[in-house]
Amino acid sequence: MPYIPVASHLPGITGLLEYRMDTAAPIRALTQFLLRGPNSLSEGERELIATIVSNGNECQFCTTAHAAAADVLLGNPAITNSVKNDHHQAPVSDKMKALLEIARLVRISGRAVTDTAIQAAKQAGATDLEIHDAVLIAALFCLYNRYVDGLATAMPDDPSYFNQLAERLVEHGYNRLPQGYDHLKK
Amino acid sequence: MPHITLPDSVPGIRSLVIYRPETGKYLYELVQILLRGESSLHAADRELIAAYVSYLNNCDFCYQSHAAAARCLYEEQQHLVDEVLKDLGSAPVSPKLKALLAIAGKVQKLGKEVKPEDIEKARTAGAGDRDIHDTVLIAATFCMFNRYVDGLATTTPEQLSDYIAMGERMSNIGYVLPNQTT
């Protein structure tokens with residue numbers, strides 16, 4: 001049971017973002033820009049960064065949600081599975097492997113990011129901006145994962161919730177739905 | 001040296017938000033609402049939570065600057081900041097703040113580390129839902145900022161006096177995006 005009263009029809013992060021909407025607004029806007037804004041990394045690649053960090057932080061809700069979004073965007077669930085198991089072996093570009101490695105290190109600690117990891121990304125063609133965005137996305141999910149699990153939010157009862165959520169994340173992104181979330185009430 | 005080319009006239013988070021103002025504006029908006037906006041927690045206590053988490057994450061820039069801001073906001077009680085950072089268990093803060101700082105310390109490790117008994121302890125000491133919510137979100141937010149600042153190896157001022165000036169600015173005007181020309 002969540003540690004604070006959140007709407008029971010809104011598992012995971014959604015209930016928290018509705019609980020305090022003034023802080024939710026910049027968090028949503030930041031996420032929308034980072035994961036859906038104009039970028040040389042594809043939306044699917046950026047969702048992979050969210051997935052590897054959430055998986056490392058053992059946040060079941062975020063891992064399932066972002067893996068599902070990445071699966072829709074990339075069209076191949078084998079990619080998220082291999083990224084979760086061993087990103088070095090994943091069927092992604094060398095540049096993405098290097099950025100995923102940076103994300104993995106950011107998750108451990110900002111100080112864990114080595115010159116070697118940065119050089120490897122640059123040699124594989126990563127720009128400063130791509131490295132910046134990979135670090136900030138990884139750091140942002142260290143926020144989300146702690147927010148979601150630190151308040152013990154619920155997992156959805158029905159696993160198909162994540163299919164609908166992935167569809168919403170792909171179709172609408174991270175902005176609050178204009179009509180709110182009452183339609184999710186059963 | 002930073003991992004990417006950043007403006008070298010300013011340190012830490014300020015160099016990052018000048019580099020990428022599109023994300024910087026939301027980051028500053030979030031921290032301004034969280035640390036200075038409406039809350040059941042005093043701004044000084046919120047700065048202390050930020051400093052404590054940053055200290056546990058070994059992020060010198062964030063820890064020094066938020067400790068300096070907390071000292072300004074606590075005024076004659078500023079000794080509390082260093083006592084908490086030295087040893088939370090023996091620090092002479094209220095049982096409620098101590099329990100909330102303990103929750104922040106758990107969040108710093110991992111979300112899952114926050115246990116029902118940690119929450120119970122805070123509630124027994126008088127913490128309400130909003131106190132608990134805001135503590136967890138501040139702690140989580142600084143787990144982001146600390147990783148952002150150190151993950152890109154931003155520069156850190158070495159002079160303690162630089163942080164005193166920063167703390168004064170943070171306590172007086174809050175979190176305002178740096179002007180690119182300053």
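Student: Lay out the overall build of chain B in plain terms, naming residues and giving numbers.
Tutor: Looking only at helices and strands, one finds nine helices and zero strands in chain B. Listed N to C, the secondary structure of chain B is α-α-α-α-α-α-α-α-α in terms of helices and strands. In terms of overall size, chain B behaves like a compact globule, its C-alpha atoms giving a radius of gyration of 16 Å where 182 residues would be expected to give roughly 16 Å. Overall, the C-alpha framework of chain B stretches about 50 × 35 × 30 Å when taken along its three principal axes. Sorting the 182 residues of chain B into buried and exposed places 58% on the buried side. Restricting the contact set of chain B to residue pairs at least 6 apart, pairs at least 24 apart contribute 69%. Here chain B has roughly 7,600 Å² of accessible surface; of this, 51% comes from carbon and sulfur atoms. Where the 18 positive side-chain charges of chain B centre and where its 23 negative ones centre are 5 Å apart.

Student: Tell me what's going on with the overall build of chain A, and back it up with residues and numbers.
Tutor: From N to C terminus, chain A includes nine helices and zero strands. Tracing chain A from N to C terminus, the helices and strands come up as α-α-α-α-α-α-α-α-α. Here the C-alpha radius of gyration of chain A, 16 Å, is about what a compact globule of 186 residues would show, namely 16 Å. Its C-alpha atoms give chain A principal-axis dimensions of roughly 50 × 35 × 30 Å. Within chain A, contacts between residues at least 6 apart in sequence are counted, and of these 67% link residues at least 24 apart. In the structure as shown, chain A presents an accessible area of about 7,400 Å², 51% of it carried by carbon and sulfur atoms. Computed over 16 positive and 20 negative side-chain charges, the separation of the two mean positions in chain A equals 4 Å.

Student: Residues and numbers for helix α3 (residues 43-56) of chain B, please.
Tutor: Count 3.6 residues to each turn of an α-helix, and residues three or four apart come out pointing the same way. All names here are of chain B. The end-to-end C-alpha distance of α3 is 20 Å, a good match for the 20 Å that 14 residues give at a rise of 1.5 Å each. Burial analysis of α3 places twelve of its 14 residues in the buried class, which makes it a mostly covered element. Buried within α3 we find A43, A44, D45, R46, E47, L48, I49, A50, A51, Y52, V53 and S54. Where α3 terminates, the next one or two residues include N58, which has phi positive at roughly 60°.

Student: Now, about the interface of chain B and chain A: what can you tell me, with residues and values included?
Tutor: Interfaces are often described in size by the accessible area the parts lose on coming together. Tallying the contact residues gives 45 residues for chain B and 44 residues for chain A. Summing the contributions of chain B and of chain A, the shared interface buries around 3,900 Å²; its carbon and sulfur component is 66%. Counting across the chain B and chain A interface gives 20 residue pairs in polar contact (both at pLDDT 80 or more). Looking at the side of chain B that touches chain A, the element that brings in the most residues is helix α8 (residues 129-151) of chain B, giving 15 residues. Among the residues making up the side of chain B that touches chain A, the classes are represented as 21 nonpolar, ten polar and 14 charged.

Student: Requested: an account of the nonpolar core, with residues and values cited.
Tutor: In this structure, I102, I131 and Y147 of chain A are the most contacted members of the largest nonpolar core, which totals 129 residues. Of all the elements, helix α8 (residues 128-150) of chain A adds the most residues to this core, at 14 residues.

Student: Go over the packing of aromatic side chains with me, naming the residues and quoting the values.
Tutor: The geometry of an aromatic ring pair comes down to the distance between the two centres and the angle between the two planes. Residue and element names in this part refer to chain A. All told, the structure shown has six aromatic pairs over all chains when counted by the stated rule. Arranged with centres 5.1 Å apart and planes meeting at 40°, the rings of F141 and Y144 form a pair that is tilted. Separated by three residues within a single helix, F141 and Y144 lie in helix α8, roughly one turn from each other. Grouping residues by exposure puts F141 and Y144 together as buried. By the ring-pair criterion, three or more aromatic residues cluster together here, those being F61, Y161 and F162.

Student: Could you give me a rundown of the environment of K186 of chain A, with the residues and numbers involved?
Tutor: All names here are of chain A. Counting through the fold element by element, K186 comes out in the segment after α9 (161-171). Classification of K186 as exposed rests on a relative accessible area of 95%. The spacing of K186 and H9 is 177 residues in sequence and 7.5 Å in space, taken between C-alpha atoms.

Student: Summarise unusual backbone geometry; cite the residues concerned and give the values.
Tutor: At E58 of chain A, a residue that is not glycine, the phi angle is positive and equals roughly 60°. As for its placement among the helices and strands, E58 of chain A is situated in the loop between α3 (43-56) and α4 (60-74). A positive phi angle, close to 50°, is found at E75 of chain B, a residue other than glycine. Tracing the backbone through its elements, the reader meets E75 of chain B in the loop between α4 (60-74) and α5 (79-86). Under the relative-accessibility criterion, E75 of chain B is labelled exposed at 52%.

Student: Give a description of the pattern of salt bridges that names residues and reports values.
Tutor: Any two side chains of opposite charge can pair, on the condition that their charged atoms come close. Counted by the stated rule, this structure contains 21 salt bridges over all chains. A salt bridge links K106 of chain B to D118 of chain B; the nearest nitrogen and oxygen atoms lie 2.8 Å apart. One end of the pair, K106 of chain B, is in helix α6 (residues 95-109); the other, D118 of chain B, is in helix α7 (residues 116-124), with twelve residues separating them in the sequence. The exposure class of D118 of chain B is buried, given its relative accessible area of 17%. A network of salt bridges, in which partner residues are shared, links R20 and D22 of chain A together with E38, R130 and D134 of chain B.

Rules of the game
Residues numbered from 1 in each chain as written. Chains lettered and ligands numbered in written order. Predicted model: local features only at pLDDT ≥ 70, side-chain atom pairs only at ≥ 80, totals over all residues. Heavy atoms only, no water. Helix = DSSP H or I, 4+ residues; strand = E, 2+ residues; numbered from the N terminus. Rg over C-alpha atoms; globule rule 2.2 N^0.38 Å. Buried < 20%, exposed > 50% of the residue type's maximum accessible area, 1.4 Å probe, protein only. Contact = heavy atoms within 4.5 Å. Areas by Shrake-Rupley, 256 points an atom, 1.4 Å probe, with all protein chains shown as cover. Lys, Arg positive; Asp, Glu negative; His and termini not counted. Charge placed at Lys NZ, Arg CZ, Asp CG, Glu CD. Expected span 1.5 Å × (residues − 1). Buried area = accessible area lost by both parts, 1.4 Å probe. Polar contact = N/O pair within 3.5 Å; in protein donor to acceptor, adjacent residues only side chain to side chain. Nonpolar A, V, L, I, M, F, W, Y, C, P; charged D, E, K, R; others polar. Core = buried A, V, L, I, M, F, W, Y, C linked by side-chain atoms within 4.5 Å. Phe/Tyr/Trp six-rings, centres within 6.5 Å; stacked < 30°, edge-to-face > 60°. Salt bridge = Lys/Arg side-chain N within 4 Å of Asp/Glu carboxyl O.

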